[in-house]
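# Architecture at a glance
What follows is the residue order along each chain.
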Amino acid sequence: MSYDVIVIGSGPGGYVCAIRAAQLGLRTAVVEKRATFGGTCLNIGCIPSKALLHASELFEEAGKGFAPFGIDIPAPKLNLKAMMAHKDATVKANVDGVAFLFKKNKIDAFRGLGRIAAPGKVEVEAEDGSAQTLEAKAIVIATGSEVMDLPGVKIDEKRIVSSTGALELAAPPKKLLVVGAGIIGLELGSVWRRLGAQVEVVEFLDRILPGMDAETAKQFQRLMEKQGAKFHLSRKVVKAETGKSGVGVTVEKAEGGDPVAMEADIVLVAIGRRPMTEGLGLKEAGVKLDQRGRVEIDEHFRTSIPGIYAIGDVVRGPMLAHKGEDEGIACAELIAGKAGHVNYDVIPNVVYTYPEIASVGKSEEELKAAGIAYKVGKFPFTANGRARANRTPEGFVKILADATTDQVLGVHILGAGAGEMIAEAAVLMEFKGSAEDLARTCHAHPTMTEAVKEAALAVDKRAIHF
Ligand SMILES: Cc1cc2nc3c(=O)[nH]c(=O)nc-3n(C[C@H](O)[C@H](O)[C@H](O)COP(=O)(O)OP(=O)(O)OC[C@H]3O[C@@H](n4cnc5c(N)ncnc54)[C@H](O)[C@@H]3O)c2cc1C
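Remember, predicted model here, so these are calculated numbers, not experimental data.

## Focus on helix H4 (residues 80-104)
Taking 1.5 Å of rise per residue, the 25 residues of H4 would be expected to cover 36 Å, and the 36 Å separating its terminal C-alpha atoms lies within 8% of that figure. Taken as a whole, H4 has its buried residues at Leu 80, Met 83, Met 84, Lys 87, Val 91, Val 95, Val 98 and Phe 102. The secondary structure elements touched by the buried residues of H4 are helix H1 (12-23), strand S2 (28-32), helix H2 (39-44), helix H3 (46-65), strand S3 (108-111) and helix H6 (183-194). At the exit of H4 stands Lys 106, carrying a positive phi of roughly 55°.

Structure below.
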């Protein structure tokens, strides 16, 4: 069987790449080892976690948030089975959607483990052990990432879980210990705290959400602490052992020493993900990896071997679904001989907690390190009428603009619905817009987005409502 393009992996990078390639008239196939399409994101990542985040937020709101609005209801009862059924149905609708899109676009899908047998040749090994070889002018590696292990801690997905197990717990734990204060740890920690768990987070660094704007992360940590989460920063978990009553955990200072024993019902290991390159035959095919084990690519997604491309979590850049999708589109367009491009300066990043954190572009720390002079405009949601009406006054919008040209270089939003609000900042930055452009754009009243406009006005010290 001969194709123009074979994509290995059907996550957001792979399936979007395949659809775009088919749209451009290329004969396209996808190889996927999982029973369903959609990769980490649709099966065990973005989609199930957001289903549980939304449901658990409603549960907490019904318990604590209704009375101030004059809605008196009895304390809500958790039906975890139904909540999980909602999550599973959401996943099913999404993965079935990808299967439908493959059919609609006449993409051939092969189930099995894909291996590059030689440039232009992909061997697919089905679960029953049978194998077939497909041929293609171009091969796209979109095999994504997998959970990173922590030395001394064996994940069993029952008591010591990764994000995958944390999406499937049969009951809220009394105490959940989260290892790693990154996005996944804080999101899933939030889910189980809202459903009744006492949550403690151990983080190696001296701050949470590494890489995000430090002021925003610090303010968010305070809000999480107010909600009941406890943080142990500059600490590392060196051992976790499952006993009869739970998991015994040894925590030390980041630099080592000063061991402290902790207990938890469930330990969630969320220290990051690593690129999935095993079993792909990359070494034999001569495809080079970089120092961090990612497939090395140039700016056109070409690996070291002609005709083999790579996109998504398996290559450099943030491990985010939408980054992989955009790379998938650009890669397919380049294979088809068209122009394709991803602007890595404008990739939004969202933490779907309450409140949400959303950012795009540079943080203050990055601008300082690069020696770029910048102005800051900040506006708090306490001064926004809609936030008051909605009782969502936490957080702020912060805009960083070039001190000379006024071009917006970074936007950081901590607040309810931040993940939706960040889109206007991304569009503005894609068009290299200025704070002045944003400040002169009429924003509907009363909306939370008026805080974005006010922050843009504040860049020039002329916010109206603060
Ligand atoms: C709990 C959690 C929550 C997340 N939430 C978000 C979020 O809210 N927003 C966001 O942007 N990102 C989120 N992410 C990250 C997001 O899931 C990834 O960035 C995204 O899935 C990467 O897409 P990808 O196509 O590169 O790889 P993947 O989605 O990992 O897909 C790779 C696919 O390749 C298949 N595969 C691997 N090797 C082979 C092989 N040899 N042969 C055949 N098939 C193979 C795998 O089975 C998999 O289906 C989350 C991740 C997790 C774990």
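## Side note on a nonpolar patch on the surface
Among the surface-exposed residues, Phe 69, Ile 71 and Ile 73 lie close enough to one another that they form a single nonpolar patch of about 260 Å² accessible area. Its place among the elements puts Ile 73 in the loop between H3 and H4.

## Considerations on the site of the ligand
Around the ligand sit 38 residues, and of these Glu 32, Thr 40, Lys 50, Gly 114 and Ala 321 come closest. Here an oxygen atom of the ligand sits 3.3 Å away from a polar atom, N or O, in the main chain of Pro 12. Between an oxygen atom of the ligand and a main-chain N or O atom of Cys 41, the distance comes to 3.3 Å. Bound to the protein, the ligand loses 95% of the 990 Å² it would expose on its own. Of all the elements in the fold, those that place two or more residues in the shell around the ligand are H1, S2, H2, H3, strand S4 (113-118) and helix H9 (321-335). The leading source of residues in the shell around the ligand is H2, at four residues.

## Here we look at the sheet that holds strand S11 (residues 230-232)
With parallel pairing, five strands are arranged side by side in an open sheet as S8-S15-S9-S10-S11. At either margin of the open sheet sits one strand with a lone partner, and together these are strand S8 (160-161) and S11. In this structure, strand S9 (residues 175-179) lies alongside strand S15 (residues 266-269), joined through four bridges in parallel fashion. When the sheet's bridge partners are listed, Val 179 is paired in S15 with Val 269. Relative to S9, H6 is tilted by about 175°, and along the sheet it contacts S9, strand S10 (198-202), S11 and S15.

Calculation notes
Residues numbered from 1 in each chain as written. Predicted model: local features only at pLDDT ≥ 70, side-chain atom pairs only at ≥ 80, totals over all residues. Heavy atoms only, no water. Helix = DSSP H or I, 4+ residues; strand = E, 2+ residues; numbered from the N terminus. Expected span 1.5 Å × (residues − 1). Buried < 20%, exposed > 50% of the residue type's maximum accessible area, 1.4 Å probe, protein only. Contact = heavy atoms within 4.5 Å. Patch = residues over 30% accessible without salt bridge, like charges linked within 9 Å, V, L, I, M, F, W, Y side chains within 5 Å. Areas by Shrake-Rupley, 256 points an atom, 1.4 Å probe, with all protein chains shown as cover. Salt bridge = Lys/Arg side-chain N within 4 Å of Asp/Glu carboxyl O. Near = heavy atom within 4 Å. Polar contact = N/O pair within 3.5 Å; in protein donor to acceptor, adjacent residues only side chain to side chain. Pairing = 2+ DSSP bridges. Axes fitted to C-alpha atoms, helices over the stretch in contact; angles between N-to-C directions.

Purely geometric stuff here, so don't read any function into it on its own.
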